[in-house]
Amino acid sequence: MKENKYDDARFFSRYGKMQRSQLGLAGAGEWHALRHMLPTVAGKDVLDLGCGFGWHCRYVMEHGAGSVVGIDISEKMLARAREINSMEGITYMRQAIEDVKYPPERFDVVFSSLAFHYLASFDDICRHVYEWLRPCGHFVFSVEHPVFTAAGGQDWVYDEQGVIRHWPVDRYFEEGARQAAFLGTQVIKYHRTLTTYLQGLLRQGFYIREVIEPAPSEEMLQSVEGMRDELRRPMMLLIAAEKPKKIFC
């Protein structure tokens, strides 16, 4: 499914008020862990799938990338990216991730932040990325954690006084579409198990380099109200993989 809620004016306005939208990478709770998973990008060709406002495109270009292509389905997201994160060497393109086509061995690094849980097939994207990467190329991405996506509602269970009791996990092994409430709108996200993510990469031939379930940084725990509740369950899953050379990298 190629759902695009981000070009809806009301939804986009709400998204623009999120901390990560206003502060960029400094407002992304997982960035303190994710940035250490990125390889050295100096001189490298980078593809960002689901680039949003272009914060990650700007980051890798500022760290010496040779070129960056940012792909997103939303024209409003790309317009904002071109406004605030435009640099020589960055190309933004409007396209659904499922429709992206490139010749083999086009990129050194493929990156994606919180986009793949909107795709019906993880195997398809693994196959395409493996083909697009050069030998020893890196595939680094974040998704919503399977514990977070399993029940579908994506909200805590509260007691009669409105105090958080626990996070619901249900239908964990029943993979597929979930109706989830996000920014006051019903959106479709796809739940898949941790096994599906990891085995999908391994079946395609990737080496898995790192798997991290990031907790908030100490700075965020101290400064953001309610952030300590994020220690009660994982919200995100970060994975770094590598396409091998025939012998070794």
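As shown above, the structure is provided for reference.
Let me sum up the structure you'll find in this document. (Residues numbered from 1 in each chain as written. Predicted model: local features only at pLDDT ≥ 70, side-chain atom pairs only at ≥ 80, totals over all residues. Heavy atoms only, no water.)

**Points about the pairing of strand β3 (residues 90-94)**
Link 1 in the chain: In this structure, strand β2 (residues 67-72) lies alongside β3, joined through five bridges in parallel fashion. Counterpart to V69 in the pairing with β3 is T91.
Link 2 in the chain: With helix α5 (residues 75-84) bridging β2 and its parallel neighbour β3, the resulting β-α-β unit is right-handed. (Pairing = 2+ DSSP bridges. Helix = DSSP H or I, 4+ residues; strand = E, 2+ residues; numbered from the N terminus. Right-handed = clockwise from strand over helix to strand, strands pointing away.)

**Some remarks on unusual backbone geometry**
The general pattern is negative phi for most residues beyond glycine and trans for most peptide bonds.
Link 1 in the chain: Positive phi, close to 55°, is recorded for E105, a residue that is not glycine.
Link 2 in the chain: You will see that Q154, though not glycine, has its phi angle at about 55°, which is positive.
Link 3 in the chain: By the element assignment, Q154 lies in the loop between α7 (146-149) and β6 (157-158).
Link 4 in the chain: On the basis of relative accessibility, which here comes to 14%, the residue Q154 falls in the buried class. (Buried < 20%, exposed > 50% of the residue type's maximum accessible area, 1.4 Å probe, protein only.)

**Here we look at the packing of helix α1 (residues 9-16) against α5**
Link 1 in the chain: Across the interface, α1 lies against α5 with an axial gap of 11 Å and an inter-helix angle of 40°. Of the possible angle classes, the one that applies to α1 and α5 is oblique. Between α1 and α5 lies a crossing whose hand is right-handed. Here A9, F12 and Y15 of α1 lie close against α5, whose contacting residues are K76, M77 and R80.
Link 2 in the chain: Taken together, the residues that form the contact of α1 with α5 break down as four nonpolar, no polar and two charged. (Axes fitted to C-alpha atoms, helices over the stretch in contact; angles between N-to-C directions. Parallel < 35°, antiparallel > 145°, perpendicular 65-115°, else oblique. Left-handed = near helix turned anticlockwise from the far one by under 90°. Contact = heavy atoms within 4.5 Å. Nonpolar A, V, L, I, M, F, W, Y, C, P; charged D, E, K, R; others polar.)

**Some points on the sheet that holds strand β10 (residues 207-212)**
Link 1 in the chain: Judged by pairing direction, the sheet is mixed, and its seven strands sit side by side in the order β3-β2-β1-β4-β5-β11-β10 without closing on themselves. In this open sheet, the two edge strands, each paired with only one partner strand, are β3 and β10. Strand-to-strand twist across the sheet, computed as the mean angle between neighbouring axes with direction ignored, equals 15°.
Link 2 in the chain: Relative to the sheet, helix α4 (residues 55-62) contacts β1 (45-49), β2, β3 and β4 (107-113), its axis offset from that of β2 by approximately 175°.
Link 3 in the chain: The strands that helix α8 (residues 194-204) touches are β5 (133-144), β10 and β11 (236-242); relative to β11, the one it contacts most, it runs at about 10°.

**Section: α1**
Link 1 in the chain: Three or more residues of α1 are buried, namely F11, F12 and Y15. Each buried residue of α1 lies within a common arc of 95° when the element is viewed along its axis, so the set occupies one face. Among the exposed residues of α1, those oriented more than 90 degrees off its buried face are A9 and R10.
Link 2 in the chain: In this structure, the buried side of α1 is in contact with α2 (19-23), α5, β8 (176-182) and β9 (185-191). (Arc of directions from axis to C-beta.)

**Brief notes about the state of the cysteines**
Each disulfide is one covalent bond, formed between the sulfur atoms of two cysteines.
Link 1 in the chain: The full count for this structure, using the stated rule, is zero disulfides.
Link 2 in the chain: Note on C51: no disulfide assigned, nearest cysteine sulfur contributed by C57 at a separation of 4.8 Å. (Disulfide = S-S within 2.5 Å.)

**Re the pattern of salt bridges**
Link 1 in the chain: Under the defined criterion, the tally for this structure stands at 13 salt bridges.
Link 2 in the chain: The closest approach of N and O atoms between R127 and D124, which form a salt bridge, is 3.2 Å. Residue R127 and its partner D124 are located together in helix α6 (residues 122-132), separated by three residues, close to a single helical turn.
Link 3 in the chain: Owing to a relative accessible area of 41%, R127 belongs among the partly exposed residues under this scheme.
Link 4 in the chain: Three or more residues are tied together by salt bridges with common partners; here these are D45, D108 and R134. (Salt bridge = Lys/Arg side-chain N within 4 Å of Asp/Glu carboxyl O.)

Structural measurements only, silent on function.
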